Every structure is written in structure tokens, then in C-alpha cells.
Amino acid sequence: MAHNVAREAQKLQKSPDAFRTISEVSAELDVPQHVLRFWETKFKVVKPLKRGGGRRYYRPSDIELIRGIRDLLMARATARRESRSRAMTRRRSAAFSAS
């Protein structure tokens, strides 16, 4: 518990222009770290700085770009679910009408 409080205090001390680690970006955007790494391979515009040991540091512009990607993918997934739902409703209606 004390560790979480210390982490929150540290997070509040960072400037809005400060670079963020993958764990900070993951928590801020509610996107798992492995998904962020995957998006780096699929979307070539996502290019965090990599330092010694392969640690990733995201610029504020990287975070906004990732936020946009997340929002677009979520909207697309919602549209697909709605389309499937409408198609199932039509099939049920057609099956019920045919009986």
C-alpha cells in the first residue's frame, strides 16, 4: 500500500513534458504493456526512445498517438460487435418469420 502511495506521489511530480516508462503509459491508457509492444511492430509511427537494456521511454507526442490508436481500435471493435448483433437479430427474425 505504501509503495502505491509513493508511486502516485512520484507520478504527480513529473512534468507534463516528461518522458514516461512503458508501465506509466500502460497504466495511464489502460493498455497492457505487451499490447504497447505489439503496436510498435504494427504501427511504425509508434517509436519510443529505447535506452540501455531496451527500456522504452515515451514522449508526450507518442502517448497522444497511442491514445488515438487505442480509441480508433476500440471504436472499430464496437462497430464490429454492433454489426454482428444486428445480423444475429435479423437471422432470428427471419427464422421466427419462416416458422
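Here, the structure is the one placed above.
The next point concerns the side chain of E24. Mapped onto the elements of the fold, E24 is located in helix α2 (residues 22–29). Reaching out from E24, the side chain makes a polar contact with the side chain of K14 at a distance of 2.8 Å. Polar side-chain contacts of E24 include one of 2.8 Å to the backbone nitrogen of T21. Setting aside anything within four residues of it in sequence, one finds E24 in contact with K14 and F19.

Further remarks concern the pattern of salt bridges. This model, assessed by the stated rule, comprises seven salt bridges. Taking the shortest distance from any N to any O, the salt bridge between E40 and R56 comes out at 2.8 Å. In this pair, E40 sits in helix α3 (residues 33–42) while R56 sits in strand β3 (residues 56–58), placing the two residues 16 residues apart along the sequence. Across the pair R59 and D62 runs a salt bridge whose closest N-O atoms are separated by 2.9 Å. Note on D62: relative accessible area 6%, which makes it buried.

This part takes up the sheet that holds strand β2 (residues 49–50). The strand order across the open sheet built from three strands is β1-β3-β2, with neighbouring strands paired in antiparallel fashion. Looking at strand neighbours, the two that pair on one side only are β1 (20–21) and β2, the edges of this open sheet. Where β2 and β3 come together, two bridges link them in antiparallel fashion. Looking at β3, one finds that K50 is bridged to R56.

With that settled, the discussion passes to α2. Structurally, the α-helix is built with 3.6 residues per turn, so residues lying three or four positions apart point the same way. The complete set of buried residues in α2 reads I22, E24, V25, S26 and L29. Phi for D30, located one or two positions after α2, is positive at around 55°.

Attention shifts here to the nonpolar core. Core analysis: the biggest nonpolar cluster contains eleven residues, these being I22, V25, L29, V31, L36, W39, V46, Y58, I63, I66 and I69. Of all the secondary-structure elements, those providing two or more residues to this core are α2, α3 and α4 (60–98). Setting aside anything within four residues of it in sequence, one finds Y58 in contact with A18, F19, R20, T21, I22, V25, L36, E40, P48, I63 and I66.

On to a positive patch on the surface, then. Residues R76, R80, R81 and R84 make up a contiguous surface patch of positive charge. The class for R80 is partly exposed, based on a relative accessible area of 48%.

This brings us to the packing of α2 against α3. Orientation of α2 relative to α3, taken along the N-to-C sense of each, is 105°, at an axis distance of 9 Å. Classified by the angle between their axes, α2 and α3 sit roughly perpendicular to one another. Across from I22, S23, V25 and S26 in α2, the residues of α3 making contact are Q33, L36 and R37.

About the thresholds
Residues numbered from 1 in each chain as written. Predicted model: local features only at pLDDT ≥ 70, side-chain atom pairs only at ≥ 80, totals over all residues. Heavy atoms only, no water. Helix = DSSP H or I, 4+ residues; strand = E, 2+ residues; numbered from the N terminus. Polar contact = N/O pair within 3.5 Å; in protein donor to acceptor, adjacent residues only side chain to side chain. Contact = heavy atoms within 4.5 Å. Salt bridge = Lys/Arg side-chain N within 4 Å of Asp/Glu carboxyl O. Buried < 20%, exposed > 50% of the residue type's maximum accessible area, 1.4 Å probe, protein only. Pairing = 2+ DSSP bridges. Core = buried A, V, L, I, M, F, W, Y, C linked by side-chain atoms within 4.5 Å. Patch = residues over 30% accessible without salt bridge, like charges linked within 9 Å, V, L, I, M, F, W, Y side chains within 5 Å. Areas by Shrake-Rupley, 256 points an atom, 1.4 Å probe, with all protein chains shown as cover. Lys, Arg positive; Asp, Glu negative; His and termini not counted. Charge placed at Lys NZ, Arg CZ, Asp CG, Glu CD. Axes fitted to C-alpha atoms, helices over the stretch in contact; angles between N-to-C directions. Parallel < 35°, antiparallel > 145°, perpendicular 65-115°, else oblique.

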